[in-house]
Amino acid sequence: MNQDPVIEISGLNKWFGDNHVLKGIDLDVEDSEVLCVIGASGSGKSTLLRCVNYLETFQEGSVKIKGWEVTGDEKRINKLRARVGMVFQHFNLFPHMTVLGNVIEGPTQVRGMKKKDAKDLGRLFLEKVGLSDKEDAYPNLLSGGQKQRVAIARALAMEPDVMLFDEPTSALDPELVGEVLTVMKELAEDGMTMMIVTHEMGFAREVADTVAFMDEGVILEKDAPSAMFDMPAEPRTQEFLSQIL
Ligand code: ADP
Ligand code: MG
């Protein structure tokens, strides 16, 4: 079967003022593929991810989600955002809502689900991230790892076509990183399509189908993890990996 890619980025160019941040990016993510994006700080990884769900606008090129073009039309953007889950470095939970309240907010407000149905669904995803016992807790009582798992459950509760992660473990104390990566690994095993910006090279090696190295606004190199980590072709990739590994 010849399926459209879930994410299809072509000729993407983005400037912030005079700063040319994305320079002709072509990148596809196939159904059930896990793509990890690595690269130095400032290379454009977050901006690329944010263009995929139109948190950033761009000047040239196109982004399609399941063949659906991402454009400025507000109605389209809202529909699109409902299909693209996003998890940020800082969890952005609603502090005045319980854990379950956070998870059902999207399903009730955006998808128009009945509260009872949304709660049933929300509980499934809390179970998935191992937080069934925390549904009535408020976010400020949770550890960073727990907060990030709630953020993942909240994104999953929209039943998105694809999940985007922007350095989801970078703000966590080292001992809390593993629990979040474990949840992400399980999602990958379930067949979730994911695009993940990360500095966790061990995770990328183990879980990614493809690793893309970004450098100064271009995808310099893209390959299977073993090839990327063991024999990177580009000197810039070698240099980056030798600093980080
Ligand atoms: P990375 O995530 O790889 O660290 P970013 O996508 O955050 O890189 O940043 C890429 C470039 O875009 C940097 O030069 C950064 O200063 C610039 N940039 C990012 N966000 C903004 C913004 N909101 N306004 C202006 N410049 C920005
Ligand atoms: Mg970033």
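Note: the structure precedes this text.
Residues numbered from 1 in each chain as written. Chains lettered and ligands numbered in written order. Predicted model: local features only at pLDDT ≥ 70, side-chain atom pairs only at ≥ 80, totals over all residues. Heavy atoms only, no water.

Explain the overall build of the chain here, please?
Within the chain, the secondary structure is distributed over nine helices and ten strands. In the chain, once contacts between residues fewer than 6 apart in sequence are set aside, the share between residues at least 24 apart is 65%. Looking at the chain as shown, the accessible area adds up to about 11400 Å², and 46% of this sits on carbon and sulfur atoms. Each charge class in the chain can be summarised by its mean position, and for the 26 positive and 40 negative side chains these summaries are 8 Å apart. (Helix = DSSP H or I, 4+ residues; strand = E, 2+ residues; numbered from the N terminus. Contact = heavy atoms within 4.5 Å. Areas by Shrake-Rupley, 256 points an atom, 1.4 Å probe, with all protein chains shown as cover. Lys, Arg positive; Asp, Glu negative; His and termini not counted. Charge placed at Lys NZ, Arg CZ, Asp CG, Glu CD.)

What am I meant to see in the packing of helix H5 (residues 144-156) against helix H6 (residues 174-189) here?
Look at H5 against H6: their axes get within 8 Å of each other, and the N-to-C directions meet at 20°. Between H5 and H6, the angle falls in the class roughly parallel. Two packed elements cross with a definite hand, and for H5 against H6 that hand is right-handed. Contacts between H5 and H6 involve Gly-144, Gly-145, Gln-146, Gln-148, Arg-149, Ile-152 and Leu-156 on the former and, on the latter, Leu-176, Glu-179, Val-180, Val-183, Met-184 and Leu-187. (Axes fitted to C-alpha atoms, helices over the stretch in contact; angles between N-to-C directions. Parallel < 35°, antiparallel > 145°, perpendicular 65-115°, else oblique. Left-handed = near helix turned anticlockwise from the far one by under 90°.)

Got a minute to help me understand the sheet that holds strand S10 (residues 218-223) in this structure?
The pairing of strands in a sheet comes from backbone hydrogen bonds and takes either a parallel or an antiparallel form. Taken in spatial order, the six strands of this open sheet run S6-S7-S8-S3-S9-S10, and their pairing is mixed. For this open sheet the edge positions go to strand S6 (84-87) and S10, each flanked by a neighbour on one side alone. Adjacent strand axes in the sheet meet at a mean angle of 20° when their direction is disregarded. Strand direction decides the pairing type here: strand S3 (residues 34-39) and strand S8 (residues 193-197), joined by four bridges, are parallel. What sits directly across from Cys-36, in S8, is Ile-196. Along the sheet, H6 makes contact with S3, strand S7 (162-166) and S8, crossing S8 at roughly 145°. (Pairing = 2+ DSSP bridges.)

Sorry if this is basic, but what is going on with the site of ligand 1 here?
Neighbouring ligand 1 are Phe-16, Asn-19, Val-21, Ala-40, Ser-41, Gly-42, Ser-43, Gly-44, Lys-45, Ser-46 and Thr-47. At 3.0 Å from an oxygen atom of ligand 1 is found a main-chain nitrogen or oxygen belonging to Gly-44. Here an oxygen atom of ligand 1 sits 2.7 Å away from a polar atom, N or O, in the side chain of Lys-45. Against a free-state accessible area of 560 Å², the protein chains account for coverage of 58% of ligand 1. Where the shell around ligand 1 is concerned, the elements lending two or more residues are strand S2 (19-29) and helix H1 (45-52). Sorting elements by how many residues they give to the shell around ligand 1 places H1 first, with three residues. (Near = heavy atom within 4 Å. Polar contact = N/O pair within 3.5 Å; in protein donor to acceptor, adjacent residues only side chain to side chain.)

Explanation requested: the pairing of S3 in the structure shown.
Summarising burial for S3: six of the six residues are buried, a large majority. Here S3 shows two buried faces, one formed by Val-34, Cys-36 and Ile-38 and the other by Leu-35, Val-37 and Gly-39. As paired strands, S3 and strand S9 (residues 210-215) are joined by five bridges and run parallel to one another. Paired with Leu-35 across the strands is Thr-210, a residue of S9. (Buried < 20%, exposed > 50% of the residue type's maximum accessible area, 1.4 Å probe, protein only.)

Would you explain helix H9 (residues 235-244) in this entry?
For the α-helix, the turn length of 3.6 residues means that residues three or four positions removed from each other point alike. Those residues of H9 not exposed but buried are Thr-237, Phe-240 and Leu-241. Each buried residue of H9 sits inside an arc of 95° when the element is viewed along its axis, so together they form one side. Those residues of H9 that are exposed and angled more than 90 degrees off the buried face are Pro-235, Ser-242 and Gln-243. Lining the buried residues of H9 we find S3, helix H7 (201-207), S9, S10 and helix H8 (225-230). (Arc of directions from axis to C-beta.)

I tried to follow helix H2 (residues 74-83) on my own but got confused; where do I start?
Residues Ile-77, Leu-80 and Ala-82 constitute the buried set of H2. Looking at the buried residues of H2, the elements they touch are H1, strand S4 (60-65), strand S5 (68-69) and S6. Here H2 starts with a cap whose side-chain oxygen sits 2.9 Å from the backbone nitrogen of Lys-75, and that cap is Asp-73.

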